[in-house]
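What follows is the residue order along each chain.
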Amino acid sequence: MARQPYATPEQLAIWLGKPAPADAERLLARAGEDIDSALLTAVYRVDEDGDPTDPPIAAALADAVCAQVEHWIATGDDGTGAGGVWDSVSIGPVSLSGRKSAPAATTGVELAPRADRALRRAGLTPGRVVAW
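About the cut-offs
- Residues numbered from 1 in each chain as written.
- Predicted model: local features only at pLDDT ≥ 70, side-chain atom pairs only at ≥ 80, totals over all residues.
- Heavy atoms only, no water.
- Axes fitted to C-alpha atoms, helices over the stretch in contact; angles between N-to-C directions.
- Helix = DSSP H or I, 4+ residues; strand = E, 2+ residues; numbered from the N terminus.
- Left-handed = near helix turned anticlockwise from the far one by under 90°.
- Contact = heavy atoms within 4.5 Å.
- Nonpolar A, V, L, I, M, F, W, Y, C, P; charged D, E, K, R; others polar.
- Buried < 20%, exposed > 50% of the residue type's maximum accessible area, 1.4 Å probe, protein only.

**Overview of the packing of helix α2 (residues 24-38) against helix α3 (residues 55-75)**
In the contact formed by α2 and α3, the axes pass within 9 Å of each other and the chain directions differ by 115°. α2 and α3 meet at a crossing whose hand is right-handed. Of the residues in α3, those touching α2 at L27, L28, R30, A31, G32, D34 and I35 are L61, A64, V65, Q68, V69 and W72. By residue class, the composition of the contact of α2 with α3 is 9 nonpolar, 2 polar and 2 charged.

**Some points on the environment of A7**
By the secondary structure assignment, A7 is in the segment before α1 (9-16). Its relative accessible area of 2% is what places A7 among the buried residues. As for A7 and A58, which are separated by 51 residues in sequence, their C-alpha atoms are 9.0 Å apart. Here A7 is in contact with L28, A62, V65 and C66, once residues within four sequence places are set aside.

Right, here's the structure in full:
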């Protein structure tokens, strides 16, 4: 059996405070891939399917995935990374326009700030290598 998504469309709707988008399952799956990539060196218990067994860890992963999708919705991205961080910004006499992507994190994945915080609070990042 394959690993289950970290969060459901219902959890995403609760996180967003409004109905989940029509493509919520696709977005949650993509966000889960980003979270997995950010956790390549994380150590936590999993079952035979690779699902986390510790409820606080499972909750942190669900929060991180929902935060990642929320960030994409807010920035106009669809999980592909093609959305920009800003289109047009004006602050007093200063005006910026165009789209600029944020630099990739050290993991090669651009995590939403709230997703990163959820993982850090759970002790999942920064990753570490453990000698066996």
